[in-house]
Amino acid sequence: MFAERRVQLIETMRALSDSSDADSSAAIFVSARETPRNSDVDYEFRQESTFYYLTGFDEPDTVILIRPGAEAPFIMFVRPHDPQMAIWVGARAGTDGALQHYGADEAYPIDELEARLPPLLAQVEHLYYTLGSDDEVDTLVSEHVANRRQQAQRGGPRLADLRDPGPILEQMRLLKSESEVASLTRAIAITGHGFDAAFRLTRPGLHEYEVQAALEAEFRRLGSPRNGYPSIVAAAHDSCILHYTTNRKQIHDGDLLLIDAGAEVDYYTADVTRTWPANGRFTPEQRAVYDIVLEAERAGIAASQPGAHFDHPHNAAVRILTQGLVDLKILEGDIDALIEDDAYRPFYMHSTSHWLGMDVHDVGRYRDSEDSVELIPGMCFTVEPGLYLSPDDENIPQPLRGIGIRIEDDILITADGHNNLSEHIPTDPDALESIVGSSQN
Ligand code: MG
Ligand code: MG
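Not measured: the values here are computed from a predicted model. (Residues numbered from 1 in each chain as written. Chains lettered and ligands numbered in written order. Predicted model: local features only at pLDDT ≥ 70, side-chain atom pairs only at ≥ 80, totals over all residues. Heavy atoms only, no water.)

### Concerning the overall build of the protein
Turning to step 1, where the next piece is worked out: Scanning the protein for helices and strands turns up 13 helices and 21 strands.
Turning to step 2, where the next piece is worked out: Dimensions of the protein, computed from the C-alpha atoms along their principal axes, are close to 80 × 55 × 40 Å.
Turning to step 3, where the next piece is worked out: The proportion of buried residues among the 441 residues of the protein is 53%.
Turning to step 4, where the next piece is worked out: In the protein, once contacts between residues fewer than 6 apart in sequence are set aside, the share between residues at least 24 apart is 70%.
Turning to step 5, where the next piece is worked out: Roughly 19900 Å² of accessible area belongs to the protein as shown, and the carbon and sulfur atoms make up 48% of that amount. (Helix = DSSP H or I, 4+ residues; strand = E, 2+ residues; numbered from the N terminus. Buried < 20%, exposed > 50% of the residue type's maximum accessible area, 1.4 Å probe, protein only. Contact = heavy atoms within 4.5 Å. Areas by Shrake-Rupley, 256 points an atom, 1.4 Å probe, with all protein chains shown as cover.)

### So, the coordination of the magnesium ion (ligand 1)
Turning to step 1, where the next piece is worked out: Listed as protein donors to the magnesium ion (ligand 1) are D260 (OD), D260 (OD), D271 (OD) and E408 (OE); their distances from the metal cover 2.0 to 2.4 Å.
Turning to step 2, where the next piece is worked out: Read in sequence order, the donor residues coordinating the magnesium ion (ligand 1) give the pattern D-x10-D-x136-E.
Turning to step 3, where the next piece is worked out: The metal-metal distance between the magnesium ion (ligand 1) and the magnesium ion (ligand 2) comes to 3.1 Å, with D271 coordinating both. Remark: E408 occurs in the loop between β19 (404–406) and β20 (409–414) and D271 occurs in the loop between β13 (268–269) and β14 (272–277); sequence separation between them is 137 residues. Each of the two residues, D271 as well as E408, counts as buried. (Donors = N, O, S within 2.8 Å, 3.2 Å for Na, K, Ca; no water.)

### Some details on the pairing of β20
Turning to step 1, where the next piece is worked out: Here β20 lies mainly inside the structure; six of its six residues are buried.
Turning to step 2, where the next piece is worked out: Residues of β20 alternate between two faces, with D409, I411 and I413 on one and D410, L412 and T414 on the opposite face, all of them buried.
Turning to step 3, where the next piece is worked out: With four bridges joining them, strand β17 (residues 380–383) and β20 adopt antiparallel strand pairing. Bridging across to β20, C380 finds its partner in L412.
Turning to step 4, where the next piece is worked out: Bridge analysis of β20 against strand β21 (residues 417–420) gives four bridges, and the strand direction is antiparallel. Residue pairing for β21: I413 is matched across the bridge by H418.
Turning to step 5, where the next piece is worked out: In this structure, the hairpin formed by β20 and β21 is closed by a connection of two residues. (Pairing = 2+ DSSP bridges.)

### Here's the deal with the pairing of strand β4 (residues 63–66)
Turning to step 1, where the next piece is worked out: Along β4, one buried face is formed by V63 and L65 and the opposite face, lined by I64 and I66, is buried too.
Turning to step 2, where the next piece is worked out: Relative to β4, strand β1 (residues 25–30) runs antiparallel, the two being bridged by four bridges. Within β4, the position partnered with I28 by the bridge is L65.
Turning to step 3, where the next piece is worked out: Across four bridges, β4 lies against strand β5 (residues 74–78) in antiparallel orientation. In the sheet register, I64 faces β5, and the bridge partner there is M76.

### As for a nonpolar patch on the surface
Turning to step 1, where the next piece is worked out: Together, M85, I87, W88 and V89 give the surface a local cluster of nonpolar side chains, amounting to about 500 Å² of exposed area.
Turning to step 2, where the next piece is worked out: On the secondary structure map, I87 appears in helix α3 (residues 83–89). (Patch = residues over 30% accessible without salt bridge, like charges linked within 9 Å, V, L, I, M, F, W, Y side chains within 5 Å. Salt bridge = Lys/Arg side-chain N within 4 Å of Asp/Glu carboxyl O.)

### Concerning the sheet that holds β13
Turning to step 1, where the next piece is worked out: One open sheet accounts for three strands, arranged β9-β12-β13; its pairing is antiparallel. Among the strands making up the open sheet, the edge pair consists of β9 (226–227) and β13.
Turning to step 2, where the next piece is worked out: Strands β12 (263–265) and β13 of the sheet are contacted by helix α8 (residues 178–201), whose axis makes an angle of about 145 degrees with β12. (Axes fitted to C-alpha atoms, helices over the stretch in contact; angles between N-to-C directions.)

### Regarding the domain arrangement of the protein
Turning to step 1, where the next piece is worked out: Domain boundaries assigned for the protein yield domain 1 (2–172) and domain 2 (175–440).
Turning to step 2, where the next piece is worked out: Centre-to-centre, using C-alpha coordinates, domain 1 lies 38 Å away from domain 2.
Turning to step 3, where the next piece is worked out: Opposite the 12 residues of domain 1 that make contact, domain 2 presents 12 residues.
Turning to step 4, where the next piece is worked out: Each partner contributes to the roughly 1000 Å² buried at the junction of domain 1 and domain 2, and carbon and sulfur atoms together form 48% of this total. (Domains from an automatic or database assignment. Buried area = accessible area lost by both parts, 1.4 Å probe.)

If you want it as C-alpha cells, here you go:
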C-alpha cells in the first residue's frame, strides 16, 4: 500500500517533468519531530500524516528521498539503533528495519543526511520539497539551492525549480482507496461504541469528564490508540461554544449534552457529533431546534451525490436552517432574501462540511477558482449542521436561549450516491430518548 503510493507519486513527478529526462526530479519528505511538554516528558508522538501515508513509518527524526528512475529510488534517513535508548523506550527500526520492513532501497543514519544529500541531489532539475515543513531540512534545502546556483554559473547542471509536493499528495489523499475506507469504517464503528456507552451512562449529576471517560474507554478498549482530535463534551450553553474542550462542568437536569468525538484507527479518524438530553427527555423547545437541525442534516446528506458540488450539502442545510429560524421566530422575512443576506450566520457560523481522513480536517481543495469542487467517488467528508442560540442574545425568545445543537455524520461519495458511514449511531430523537441513561436501569 505504501509502496504503491510512492509509485503513484513517482509517476506524477515524471508526468510533470518538462525536461527530456523524465527522471530529473527528486522529492524530500520529513517526519514529525518529538515536542517537549515539560521536564523530561514529550507530547505524545504522532507521525505527520503525509509522511505516514508514504511510508507507514511512525518514528520521529526521519527524512525520505524519492528519486524517480534512480537505482535507489527510495532512500530513508532514520534514527540508528541505540542500545541504551532501547532499554529505556524500546527498539528503533534503525537502518536494518528501514531496509527489511519499510521498503527502503538504501537507508542511512539521520546524522548523515547533511553530508549525503548534496551528491544525491546533484543532477536533479526539479526538487520537490514543502518549504516550512521543518527548520533543519529547510536550511539544508536552501543551502543546496544556493550551491547549485553557484555551480550552474560554472557549467554545472542547473536546478530549474523548487516545487511544493503538497498539491500532488493532497489530491492523492483526497480520494480514498478501499483500504482507507476500511480503516475509516473501523474508526467510525469504534466511535459508535463510544457514543453508545456515553448515551447509556448520561444522567444529571455526572460531570462532562465522566461521560468523556466512558466514551474514550470504549475507544481504547476496542483498539484505537488515540483520538483524532480532543473530544468536545459540552453540557448546557457550552454546546454553543464550537470547540469547547474544557469538559469539567457538572451536568444538570434539563441540560443538553453535545459530544463531538472521533477515534483514530490506522491514522484515519472518525468525526461524529450527537446532541441529546441529559435526563432522557427533550424539552419542547430543545426538540423543536433538534428537529430543524436533523432535517437540515438529512437534506445535506441527500445532496451528497457524485456530480454534485462540495457546496451543495451546505446550501441544502442552510435553506432548512433559515426556514427553521423563521419558524422559531428568531428571523423574519423572505427565505431567499435571508439566505442571500447570510442572516443565519449569528446562529450557524461554521460551514457544513470538511474533508475527512488522516486529518480530521483533511487535505484537499474546496474550490477550483470560481466553483466549489465536484464530488466524485472516493471523497469523504462530514455533514454537520448546527444551531447555536446564544444564552446572551436578547433577540432570541427566552426559552430558546442557550440551546446549542449539532449533528454530524461521515459521508463517503460512491459511484451511485453516498454511504453514510456513521448512520448506525442514532440521530432519531425518539431513539436517543429511549437509550439515554439506560445503563442505570
Ligand atoms: Mg466534529
Ligand atoms: Mg467536523
